[in-house]
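A look at the structure
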Amino acid sequence: MTGKDFDIIVVGGGHAGVEAALAGVRMNRKVALVSMDAAKLALMSCNPAIGGIGKSQLVKEVDALGGIMGVAIDVTGIQFRRLNLSRGPAVWSTRAQADRRAYTRFISDFVANQRNLTVIEAIAGEVLTENGRTAGIKTEDGQILTAPAVILATGTFLGGLIHIGETKIPSGRMGEKAAYQLSDSLRKLGFEVGRLKTGTPPRLDGDTIDWDKCELQPGEVPIPFFSYRSLYREFEQTPCYLTHTTAATKALIIAHHKRSPIFSGQISSTGPRYCPSIEDKFFRFADKDTHHIFLEPEGNGTNEIYPNGFSTALPEDIQIKAVKTIVGLEDVKVTRPGYAIEYDYCPAYQLKPSLESKRLPGLFFAGQINGTSGYEEAAAQGIMAGINAVLYLEKEPSFILDRSEAYIGVMVDDLVTRSTTEPYRMFTSRAEYRLTLREDNARDRLFEYAQKYKLIETQHYNSFKELQKNTLEEIKHLGKITLSVNTLEGFKERFSRSRTVNLKNLLKMPGIDIETLLPLIEKHNGSFSANPEVLQRAAIFIRYQGYIDKQAREIEKFKKLESEKIPDDFPFASLKGVRIEAREKLRRYRPVSLGQASRLEGVTPGDIAVLSVMLKKHKGDRK
Amino acid sequence: MLHPGKKISSDDDTIVAVITPPGEGGIAALRLAGKKSLALLLRFFQPAHAKKIKFSPFLLRYGFFQSTEGGIIDEITAVYMPEGESYTGLEQAEIFCHGGCRVVRVILDELVRAGARPAEPGEFTRLAFLNGRIDLTRAEAVADMVAASTEVSLKVSREHLLGTFARHIENLRNDLIKIIADLEASIDFPDEEIVAPERSELLGAIDDILAKLNELAITYTGGKIIKEGYQVAIGGRPNAGKSSLFNRLLRQERALVTATAGTTRDYLSEWLDLGGIAVNLIDTAGIRVGGSTVEKSGREKALKIFKDADLILWLVDLSSRGWKSRLEDDLKYLDGKLIMLIGNKIDLVKEFKKDLRAYPGIIPVSCLDGSGLKKLKSNLIKNINKKMPDLTSGVVVTSARHKQKLEQAIEHVKSARMKLVEDESPEFTAFDLNQATRAIDEITGKVYNEQILDEIFARFCIGK
């Protein structure tokens, strides 16, 4: 295409849009980022935190692919800790409280300093096409921007409608505008557009909270940072606090629940079950009398507090009364009311696993528009859409991670293979290869790709290769160190037969980790000089090896089905011998591989057997 | 599984077939399935009392089958089933006429001439499966039921067809999902106020599942007998009377006609119906075992038959001298196999009762005059019944594939149990239980995606 303004236009400056734009720039493309406010990029519209169970794994994967999220939270985080430390490393998850304003400032500045990246303050109104391909966008104020690839990352701004009690406010975030023409443009192009709901709690003035009544939740030291690029530093962390609702809260909410748009029928779209409003909680779990509320600081330069667990759409006066029934918040001042928000999304069965739409070449979707919720989920899709938009321009095969390689792969596959009817959030239980997909090995899983697509600096790649080599050596070394069973205070009784045990075998045992062993080793074998990072990696590797070998066989089976590709022109509609329900699903989703087909709901192994035969026949016919 | 939309049919044809066995019988039945079923029925149906008649679903109507030329072919009853409510899921009609090759043939011809297509073998069941009327275990059961040759196997396939087995498997799966949901909730939502179940509680639940899985897997001993029959080999030294016993048993019992042709017959084998169980009686006469003159190949063949047999009837010629020492030798050789000892030729030995005092396990018979055979048969039936599962529940594993999957599930659950005992982190226990669930899923061919999360959200108030 000649005379185009940009290579890629990204619509939306949230967590998805920013990662998409930066990935494009990293791969040497000229990118426009269209956002309403260039100073509010990657703003945390809801809770001021990054990470959490299943989500931190996504952040580390984005980080391994050269993304900005991990670095940004490491720079602007005010409290870090790891969840699930009493479990195994496969489900450890880092979570950090962010200084919300600092986070946005950091990202906005970073974006502003990118050559090849132009931020355009506008509202996208229409996707432009030319000869059946994406050609650019038209803004609501009539500007035409041309580019052969467009990434839509509209978040809650697409047809956003805020609800507080009976009040409805057209807006994508309190006090801001929303995009209304774009949904119509998508419908005109033939896309199915649906509607979802989410919510946010009121914000509180921290100076009016009786902290003594709440339980302190401190950060973790040493501080668990997210990015391999961050240098370790220590600072005084800002704590969170834990409190709970009372019988009075329950009574009040139940008395006024009909005034919530969720119950009055004003909102009919589906909200997330894992993040219900407080009125929902009291109704769905009526036998529970109190609920935890986590009081999270919004930043260092502000007294504003985010009461996690108290999302509500009740009228403002009821919200104020209800909040005051919470322990420690008796005299609290509400700085901003909570609200529910409805927004448009495009069910992701309309996408290929590359996040490009099946209908319109060159048009990519990322983030909430695909039915997800969460900053991390958005960022992960953003970076994938960004990389794939570049590969589309270069006419290269798409970059697709599968379910055995990354949480990103699990999420994208879930999105394009299953119809999301509620906002999708990552959980570790969604990943069948969870023991292989860990925070600690994100680079082991993804760095080769990152290097291949030139998403990271070669120096980082090389030093990681060195780390991998040292880890392997350390594993061998641990197999050679033998301890006398008698020296293993506390573990002795586990050994009835042998008198000695090597460290490698010891590390495989439940309840034993490198931290418990180190003092013992040092006591009896003198100092142990290995690099702690290498030692930790080696210990985790040893711990999981047996399972990973078991999973490897499953993964092999899985990959075999994934590699059975179904051509774009495969006639699903005339497929005979599969059940009608299965045929309809196959027609609608048009899976790209037998593997994806097998995961479609309502498609049975019998149907797959038939499909596999027909596929061979189809391929034979075409030769 | 029911799909509300359009039903699948083989290229929109209306198909027809006789669904009762061929030959003379009291009543024969024909089935029509497809869009024109009712229209075709109405075209030939002449009501007995009224001029016109309306067919209400599932209401049997009495009348006559009138040929295109106008003549009455037979007195019939007929029934109509609307789309979505029939076996195949399609609009369906059934005609019951008098049995007899000619009448049935004429009616079938009339229907085919009027536009119905003769159904292919198994097409009705295939349609039922394609239209989601039955699942995989049930489709398998239909095939079994058609092939079922004895009363017991018929009963078991009928229970599978009714979905009792599939339901049982589903319940087992739900039990597993409940435990997994507990573990997963504690992993994915550590900040929530979820009270993790006590280890003893989890262990109890896991032991419960293990017991149920074992109970089910063990029914395969009987299930295999029901599906594949009970293999009984007749063995013994030359001239012990093996062929005589074989022929006697066959002559007295109804021999079954089966379709298990194709095996090379180095030996004689026939099926008979013994107390409702299909018994495959194998005569190893001609294959000589033991002794020094044995050919190697014959010996191996006999060994193979004995190895595969569920039971060996070992015949001893009580009239031959030195049978006791030879039996001792043979018993060593047959060590570890399930054997019933039979002392033959009591007609030739006067003092056999005294001889047998040291061998209370030997059943004395005479294949010549038939004495003792009654006891032999009742012992045989007792022996089979000892291996039979309780059939009243209808939950019997009859497929080797299902058995294998159940065993895999058991191994995974056992492994999960061990993790729990060792106080291992829950993601490992969940790993094994998930593997177990997947093994079970392969039995019914169903894949459930979001069930664990559904279970968590239904039971726990999540929402930090």
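Residues numbered from 1 in each chain as written. Chains lettered and ligands numbered in written order. Predicted model: local features only at pLDDT ≥ 70, side-chain atom pairs only at ≥ 80, totals over all residues. Heavy atoms only, no water.

As for the nonpolar core
Residues and elements named next belong to chain A. The test is simple: Side-chain atoms within 4.5 Å link the members of a nonpolar core, which is a set of buried Ala, Val, Leu, Ile, Met, Phe, Trp, Tyr and Cys residues. Per-residue accessibility, obtained with a 1.4 Å probe over protein chains only, is compared with the maximum for each type, and a residue is labelled buried under 20%, exposed over 50%, and partly exposed between these values. Comment: elements are numbered from the N terminus, with helices defined as DSSP H or I runs of at least four residues and strands as E runs of at least two. Residue contacts follow a heavy-atom distance rule, with two residues in contact if any of their heavy atoms lie within 4.5 Å.
Grouped together as the largest cluster of nonpolar side chains are 105 residues, with contacts concentrated most on Ile-9, Leu-65, Leu-152 and Leu-186. If one sorts the elements of this core by residue count, helix H10 (residues 375-393) sits on top with 13 residues. Ignoring sequence-local partners within four residues, the contact set of Leu-65 consists of Arg-26, Ile-383, Met-384, Phe-399, Leu-401, Ile-408, Leu-446, Ala-450, Leu-455 and Ile-456.

Considerations on the side chain of His-257 of chain A
Residue and element names in this part refer to chain A. Here His-257 is to be found in the loop between helix H6 (247-256) and helix H7 (261-264). Assessed through its relative accessible area of 13%, His-257 is described here as buried. In this view, His-257 contacts Phe-263, Phe-283 and Leu-314; residues no more than four positions away in its chain are not counted.

Remarks on the sheet that holds strand S12 (residues 167-170) of chain A
Residues and elements named next belong to chain A. Quick note on the threshold: Note on pairing: DSSP must find at least two bridges between two strands before they are called paired. Note on definitions: angles span 0 to 180 degrees between N-to-C directions of axes, and those axes are lines fitted to C-alpha atoms, for helices only across the stretch in contact.
Taken in spatial order, the 4 strands make up an open sheet running S12-S11-S20-S13, and their pairing is antiparallel. The outermost strands of the open sheet, each flanked by one partner alone, are S12 and strand S13 (194-200). Direction aside, the axes of adjacent strands within the sheet are offset by 25° on average. Pairing geometry for strand S11 (residues 161-164) and S12, over 4 bridges, is antiparallel. Residue pairing in the sheet places Leu-161 in a bridge with Pro-170 of S12.

Considerations on the packing of helix H16 (residues 532-563) of chain A against helix H14 (residues 426-444) of chain B
Any two packed helices are characterised by the angle at which their axes cross and by the distance between the axes. The condition that has to hold: We call two directions roughly parallel when the angle between them is under 35 degrees, roughly antiparallel when it is over 145, roughly perpendicular when it lies between 65 and 115, and oblique otherwise. Note on convention: near helix rotated counterclockwise from far helix by under a right angle means a left-handed crossing. Clockwise means right-handed.
Two elements in contact, H16 of chain A and H14 of chain B, have axes separated by 12 Å at closest approach and are oriented at 20°. Classified by the angle between their axes, H16 of chain A and H14 of chain B sit roughly parallel to one another. Both H16 of chain A and H14 of chain B take part in a crossing whose hand is left-handed. Where H16 of chain A abuts H14 of chain B, its residues Arg-543, Tyr-544, Tyr-547, Lys-550, Gln-551 and Glu-554 of chain A lie against Glu-427, Phe-428, Phe-431, Asp-432, Gln-435 and Arg-438 of chain B.

Considerations on the packing of helix H3 (residues 69-76) of chain A against helix H4 (residues 100-112) of chain A
Residue and element names in this part refer to chain A. The condition is simple: Gly counts as polar in this scheme, as do all residues outside two lists: the nonpolar Ala, Val, Leu, Ile, Met, Phe, Trp, Tyr, Cys and Pro, and the charged Asp, Glu, Lys and Arg.
Across the interface, H3 lies against H4 with an axial gap of 9 Å and an inter-helix angle of 130°. Classified by the angle between their axes, H3 and H4 sit oblique to one another. Here the hand of the crossing between H3 and H4 comes out right-handed. Between H3 and H4, the contacting residues are Met-69, Val-71, Ala-72, Ile-73, Val-75 and Thr-76 on the first element and Ala-102, Tyr-103, Phe-106 and Ile-107 on the second. Grouping the constituent residues of the contact of H3 with H4 by class yields 9 nonpolar, 1 polar and no charged.

Quick look at the sheet that holds strand S16 (residues 240-244) of chain A
All names here are of chain A. The strand order across the open sheet built from 6 strands is S15-S16-S17-S18-S14-S19, with neighbouring strands paired in antiparallel fashion. Edge positions in the sheet fall to strand S15 (215-217) and strand S19 (334-336), since each has one partner strand and no second. Each strand axis lies, on average, 35° off the axis of its neighbour in the sheet, ignoring direction. As judged from the 2 bridges shared by strand S14 (residues 203-205) and S19, these two strands associate in the antiparallel manner. Within S19, the residue paired with Arg-203 across the bridge is Arg-336.

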